[in-house]
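The chain contents come next:
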Amino acid sequence: MGALGITIALLVWVVTLLLISIWKQIHSSWNLPPGPFPLPIIGNLLQMDIKNIPKSFTRLAKRYGPVFTLYLGSRRVVVLHGYEAVKEVLLKYKNEFSGRGEIPVFQEYKDKGIIFNNGPTWKDVRRFSLSILRDYGMGKQGNEARIQREAQFLLEELRKTQGKPFDPTFLLGCAPFNVIADILFHRRFAYNDKTALRLMHLFNEDFYLLSTPWLQLYNNYSNYLRYMPGSHRKVMKNVSEIKVYALERAKENLQSLDLNCSRDVTDCLLTEMEKEKHNGKPPMYTMENIAVTLADLFFAGTETTSTTLRYGLLILMKYPEIEEKLHEEIDKVIGPTRIPAVKDRLEMPYMDAVVHEIQRFINLVPSNLPHEATQDTMLQGYFIPKGTVVIPTLDSLLYDKQEFSEPEQFRPEHFLNENGKFKYSDYFKPFSAGKRVCVGEGLARMELFLLLTAILQHFNLKSLVEPKDIDLKPITVGFGSIPPSYKLCLIPRS
Ligand code: HEM
């Protein structure tokens, strides 16, 4: 090696040492949680498996403990892993960590609506939306009746498949789609309606793309990747199209708005907008904010429940003995014809446990949505500066080895006691918890129970491959865990 080579090597060595010492000083003087040393520009990219970021978090937690710091690009991120740390962030310091970490691909929704809102309107829009959803969910024409009615339409469509193989994605998706469409827009769509199928395609494609490695890269390195071609552009286009649909509905409702008689959630939001016009304050319910709120609820209210139902049926095909026990319980408690009702759940501990186990096992949103520190906060002896992105992982609770005897296995017994009664677990947090807890938890749980029960009351599931050959591994893991595509046959039970 010549003199020049040695000088360069020495220089690189000195600069690296300097960077490490600066970084250590920042870390120790600020008392940030520990973590791997980040490189300039890429941060800790080399420590991450972008094909499965949640798994990388689990690996890093083994090394650095339940609270650790990462740099994803230039963003400082603190990851919480395990029951104590996650609960502390979500419940003990619920206000301090109630901000929403930025998700660059949703730039168009940023600081509007509910999900991606980290601005001053979030609290009020969330509170108001929750109260309207509660009003529409209760009473005779509430969510139970709404889901029961939709279950009948779903069964009718499923019967039309006549025991032949079909891909259940959009047929199953139509049920939660119509339930939320009725709440938001007072509308229901035929199962072959072009607009409904187009919107469901957008939801489905976005949820898939958001879970691919490229989108993990994009969301953490958007400053560098913004102008590159790639599937982030497709997601943004879809997100825009969903908002345009919601805006059109809002404009249409505005034409015939009766301030004293709301037909749906859209009317309630528009009525708030009209009331605001007279209070002299800066407007919160603008048409733009209303459209994003509706789009948030439409997307989140459809794709999550739809994917859970689809994944659930695939799991039950792999375990015919579990399906058989469910048929027995349904026959005993409900019989062959009565429409399943919410009250039946109390007498159906096995179905209740299966629905919980499906949600635990599929781990739909493994790393939760990113939160953000709204103020400087001390957490487990570490300093978390305001503006830090905070990730309270949900898979670390759902796959906890102490709480669930065989977390990698699908076992309804995880939610049953020795007498066969339903067993509650405080680690069951697929909807998160605290100030940002899922707005649709009650609705989703009711849908999963009533729709799965109705399907199994009327059909036997038949797989096209041997049950033991069914692979339950998600095809991609990122924002969500996406189930493999499959076809099945539904054989009428009577
Ligand atoms: C199986 C079904 C569902 C699952 C697993 C699920 C899960 C989640 C999770 C993990 C979050 C993030 C919570 C956090 O940031 O801490 C969330 C937020 C949210 N969910 Fe759901 N969800 C489901 C169904 C629904 C439904 C049916 C709706 C609509 C009616 C909905 C609307 C929302 C909204 C609006 C937020 C944002 C809350 C906020 O940022 O304040 N979700 N959901």
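This report concerns the structure included in the present document. (Residues numbered from 1 in each chain as written. Predicted model: local features only at pLDDT ≥ 70, side-chain atom pairs only at ≥ 80, totals over all residues. Heavy atoms only, no water.)

**Quick look at the overall build of the protein chain**
- In terms of helices and strands, the protein chain carries 16 helices and 11 strands.
- Whereas a compact globule of 494 residues would reach a radius of gyration of roughly 23 Å, the protein chain reaches 24 Å, a difference of no more than 12%.
- In terms of its C-alpha atoms, the protein chain occupies a principal-axis envelope of roughly 85 × 60 × 40 Å.
- Looking at the protein chain residue by residue over its 494 residues, the buried ones come to 56%.
- Contacts in the protein chain between residues at least 24 apart in sequence constitute 72% of all its contacts with a sequence separation of at least 6.
- Each charge class in the protein chain was averaged separately, 61 positive and 55 negative side chains, and the resulting centres sit 3 Å apart. (Helix = DSSP H or I, 4+ residues; strand = E, 2+ residues; numbered from the N terminus. Rg over C-alpha atoms; globule rule 2.2 N^0.38 Å. Buried < 20%, exposed > 50% of the residue type's maximum accessible area, 1.4 Å probe, protein only. Contact = heavy atoms within 4.5 Å. Lys, Arg positive; Asp, Glu negative; His and termini not counted. Charge placed at Lys NZ, Arg CZ, Asp CG, Glu CD.)

**Re the site of the ligand**
- Close to the ligand lie 26 residues, the nearest being Arg 126, His 371, Ser 432, Arg 436 and Cys 438.
- The side chain of Ser 432 places a nitrogen or oxygen atom 2.6 Å from an oxygen atom of the ligand.
- Arg 436 is positioned such that a nitrogen or oxygen atom in its side chain is 2.8 Å from an oxygen atom of the ligand.
- Counting residues per element, the ones that place at least two in the shell around the ligand are helix H4 (122-137), helix H12 (287-318) and helix H16 (441-458).
- No other element matches H12, which puts five residues into the shell around the ligand.
- Among the residues forming the shell around the ligand, the class breakdown is 15 nonpolar, eight polar and three charged. (Near = heavy atom within 4 Å. Polar contact = N/O pair within 3.5 Å; in protein donor to acceptor, adjacent residues only side chain to side chain. Nonpolar A, V, L, I, M, F, W, Y, C, P; charged D, E, K, R; others polar.)

**Some remarks on the packing of aromatic side chains**
- Under the definition given, this model contains 20 aromatic pairs.
- Relative to Tyr 285, the ring of Phe 128 lies with its centre 5.7 Å away and its plane at 65 degrees, an arrangement referred to as edge-to-face. One end of the pair, Phe 128, is in helix H4; the other, Tyr 285, is in the loop between helix H11 (265-276) and H12, with 157 residues separating them in the sequence. Assigned by exposure class, Phe 128 and Tyr 285 land together as buried.
- Clustering of aromatic rings is evident, with ring pairs tying together Phe 177, Phe 185, Phe 189, Phe 203, Tyr 245, Phe 298 and Phe 299.
- Looking at Arg 360, its charged tip hangs above the ring of Tyr 399, at a distance of 5.1 Å from the centre.
- Arg 436 extends its terminal NZ or CZ atom over the ring of Trp 122, reaching a point 3.9 Å from the ring centre. (Phe/Tyr/Trp six-rings, centres within 6.5 Å; stacked < 30°, edge-to-face > 60°. Lys NZ or Arg CZ within 6 Å of the ring centre and 35° of its normal.)

**A look at the pairing of strand S2 (residues 75-80)**
- Bridge count for strand S1 (residues 67-72) against S2 is six bridges, and the pairing is antiparallel. Within S2, the residue paired with Thr 69 across the bridge is Val 78.
- Taken together, S1 and the strand that follows it, S2, pair antiparallel across an intervening segment of two residues, in which Gly 73 is found at a positive phi of about 65 degrees.
- Here S2 pairs with strand S7 (residues 389-392) via four bridges, running parallel. Looking at S7, one finds that Val 77 is bridged to Val 389. (Pairing = 2+ DSSP bridges.)

**Considerations on the sheet that holds S7**
- The five strands lie next to each other as S1-S2-S7-S4-S3, forming an open sheet whose pairing is mixed. Here the strands that pair on one side only, and so sit at the sheet edges, are S1 and strand S3 (99-100).
- Pairing of S3 with strand S4 (residues 371-372), which is carried by two bridges, proceeds in the antiparallel orientation. Paired with Gly 99 across the two strands is Glu 372, which belongs to S4.
- Lying on the sheet, helix H2 (residues 53-64) is in contact with S1, S2 and S7; it crosses S1 at an angle near 130 degrees.
- Against the sheet, helix H3 (residues 83-92) engages S1, S2, S4 and S7, with an angle of about 125 degrees to S7. (Axes fitted to C-alpha atoms, helices over the stretch in contact; angles between N-to-C directions.)

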